[in-house]
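Understanding the architecture of this molecule
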Amino acid sequence: GDVFATDQQGNWWGTCPLIHVQPGRFYGHADSIPDTRRPESPVKDPGVLPSGLTVVEAAARIPGFALPAVWFPYVKMGQSTTGIICNQTAGAFGPFERQLFIGDFTLAQVNRVFLEKVDGEYQGACFPFLDQMQSAVLQMAFLKDGSMIVGESNRGWNSLGSRSFGLERIRWTGHVPFELQTMEATSDGFRLTFTEPVAAPSSLTPSQFKLSSYTYLYQQAYGSPETATQDVAVDRLKVSADGRVVTLTCSGLRAGFVHQLVLGPLQSASGQSLRYDRAYYTLNRIPAAGR
C-alpha cells in the first residue's frame, strides 16, 4: 500500500530523490503551490518559500515539508532517476529480496535501495547495482522466472548507452557476489550486513570504514553541490559471530544528512573482493538508543 516516486535533479531539487508519497505532505517544489489553494487539496499552502537554506533547515521551517526517503548523490549514484521496482522474487534474483531497484537515464544504469522504518518513516541506503546498460534505463519488470527485463530509450535526451533504445534481460547466475546487502541505522552508528562472511574479521579496523555526511541547498536554481560536508568518526567496530555483520560505532551523526560510506579493501571468507565499495545512507532520523 505504500507509494514511491522518483524525481530529477533540477529546480528545488538539489539531487535526485526517492519520495515516499503520503497524503497532506509538501515535497518542496514551488510549482505545486497553486494547487494547494484548491479547496479539495489535502496539502496546506506552505506559504512563501525561504531561500538560502539547506534542505534540512527547510524541512524544519516550511509547514508540511517532507524530506525524501533517500537521496541519490549526483553522478555518484546517477543523474536522472527513473522507474522503480520491488524485488519480490523469493530469492530468484539473488540476495536482495524486498529491496527496490531504481533506473537511471543519463548514466544508463540500475541502482539498488534498502529501506527501513525509523519512528514510522522510511529511510535507507542506495547502492550501485549494474551499469553500462546499452541505453537509458526507463523501467524494469520481473518475469515469472525471477529475471528482470529493462526497458530503455534515449528519446529526447542523451545517455552513456551506445544504442538509441533497447530491451535487456538481467538474470542471477546463482553465484552470490560479495556485497553490502543492507545498511541499517543504529542510535550511534550503522549496522552493515554483507552477503558473505568477511575474511579475517579479527583484523578489521575502523580505518577501513570511511564515513562523511553532507546535505543539499534548497533553492530555485538548478540542483545543488554537496554542502556542509563533515567527516564522521568511526570509533570502533564489532563483527558478528558468523562474520556477516559489522556494527560501526560512530560520533558526529547528523539527522537529515546523507551519510556516505567508502569501504577499504575487503575480501569475503571465500576469497571474493567487494563488488562495490560504497553506499549512501539518508539519515533523516537517528534511531532511539537500544536499536
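Structural data are supplied above this passage.
Read on for a plain summary of the structure. (Residues numbered from 1 in each chain as written. Predicted model: local features only at pLDDT ≥ 70, side-chain atom pairs only at ≥ 80, totals over all residues. Heavy atoms only, no water.)

On a plain count of helices and strands, the chain comes out with two helices and 19 strands. Since a compact globule built from 291 residues should have a radius of gyration of about 19 Å, the 20 Å found for the chain is in line with a globular shape. Its C-alpha atoms give the chain principal-axis dimensions of roughly 60 × 45 × 35 Å. A total of 291 residues make up the chain; the buried ones form 53% of that total. A sequence separation of at least 24 residues applies to 61% of the contacts in the chain between residues at least 6 apart. For the chain, the accessible surface area stands at approximately 13300 Å², while carbon and sulfur atoms represent 51% of it. (Helix = DSSP H or I, 4+ residues; strand = E, 2+ residues; numbered from the N terminus. Rg over C-alpha atoms; globule rule 2.2 N^0.38 Å. Buried < 20%, exposed > 50% of the residue type's maximum accessible area, 1.4 Å probe, protein only. Contact = heavy atoms within 4.5 Å. Areas by Shrake-Rupley, 256 points an atom, 1.4 Å probe, with all protein chains shown as cover.)

Another aspect to go through is the nonpolar core. In globular proteins that are soluble, nonpolar side chains generally tend to be buried together. Leu-18, Phe-26, Val-70, Phe-72, Val-113, Leu-115 and Tyr-218 are the most contacted members of the largest nonpolar core, which totals 32 residues. If you list the elements that add at least two residues to this core, you get β2 (16–21), α2 (55–61), β4 (70–72), β6 (100–104), β7 (109–118) and β8 (121–130). Ignoring any residue separated from it by four or fewer positions in sequence, one finds Phe-26 in contact with Ser-32, Ile-33, Val-43, Pro-46, Leu-49, Ile-62, Pro-63, Gly-64, Phe-65, Ala-66 and Tyr-218. Listed in part, the 27 residues of the second largest apolar core include Phe-127, Leu-180, Leu-192 and Leu-283. (Core = buried A, V, L, I, M, F, W, Y, C linked by side-chain atoms within 4.5 Å.)

Quick look at the packing of aromatic side chains now. Tallying each qualifying case throughout the model produces 16 aromatic pairs. Ring centres of Trp-12 and Tyr-218 lie 4.9 Å apart, and the angle between their planes is 50°; this geometry places the pair in the tilted category. Of this pair, Trp-12 sits in the loop between β1 (3–6) and β2 while Tyr-218 is found in strand β15 (residues 217–218), placing the two residues 206 residues apart along the sequence. Judged by its relative accessible area of 10%, Trp-12 falls in the buried class. For Tyr-218, a relative accessible area of 1% translates into the label buried. A centroid spacing of 5.4 Å and a plane angle of 55° characterise the contact between Phe-190 and Tyr-281, whose relative ring orientation is tilted. Here Phe-190, found in strand β13 (residues 189–194), pairs with Tyr-281, found in strand β19 (residues 278–283); they are 91 residues apart in sequence, far enough to count as distant. According to the relative accessible area criterion, Tyr-281 is buried, its value standing at 0%. (Phe/Tyr/Trp six-rings, centres within 6.5 Å; stacked < 30°, edge-to-face > 60°.)

Right, let's talk about the sheet that holds strand β11 (residues 165–170) for a bit. In spatial order, the strands read β9-β10-β11; together these three strands make up an open sheet with antiparallel pairing. Of all the strands in the sheet, the pair left with one neighbour each is β9 (137–142) and β11. Each adjacent strand pair in this sheet contributes to an overall mean axis angle of 20°, direction not counted. Strand direction decides the pairing type here: strand β10 (residues 148–153) and β11, joined by six bridges, are antiparallel. The residue bridging Val-150 from the neighbouring strand is Glu-168, located in β11. (Pairing = 2+ DSSP bridges. Axes fitted to C-alpha atoms, helices over the stretch in contact; angles between N-to-C directions.)

The next thing to look at is the environment of Val-56. The topology assignment puts Val-56 in helix α2. C-alpha of Val-56 to C-alpha of Ala-255: the two residues are 199 residues apart in sequence and 8.3 Å apart in space. Beyond its immediate sequence surroundings of up to four residues, Val-56 is in contact with Thr-215, Ala-255, Gly-256 and Phe-257.

Okay, the sheet that holds β4 next. The three strands are arranged β1-β2-β4 in an open sheet whose pairing can be described as antiparallel. On the outer flanks of this sheet lie β1 and β4, each paired with one strand and no other. The mean angle between the axes of side-by-side strands here comes to 20°, regardless of whether they run parallel or antiparallel. Here four bridges tie β1 to β2, and the two strands are oriented antiparallel to one another. Each residue of the ladder has a partner; that of Ala-5, found in β2, is Ile-19.

A few words on the side chain of Gln-260. Assignment of secondary structure puts Gln-260 in strand β18 (residues 257–263). On the basis of relative accessibility, which here comes to 14%, the residue Gln-260 falls in the buried class. Reaching out from Gln-260, the side chain makes a polar contact with the side chain of Tyr-214 at a distance of 3.0 Å. Residue contacts for Gln-260: discarding those within four places in its chain leaves Lys-76, Lys-210, Leu-211, Ser-212, Tyr-214, Ala-279 and Tyr-280. (Polar contact = N/O pair within 3.5 Å; in protein donor to acceptor, adjacent residues only side chain to side chain.)

For the structure shown, the criterion picks out eight salt bridges. Close ionic contact of Glu-40 with Arg-38 constitutes a salt bridge, the shortest N to O distance being 2.9 Å. The partner of Asp-145 in a salt bridge is Arg-169, and the shortest N-O contact between them spans 2.4 Å. In this pair, Asp-145 sits in the loop between β9 and β10 while Arg-169 sits in strand β11, placing the two residues 24 residues apart along the sequence. A relative accessible area of 44% means that Arg-169 is categorised as partly exposed. (Salt bridge = Lys/Arg side-chain N within 4 Å of Asp/Glu carboxyl O.)

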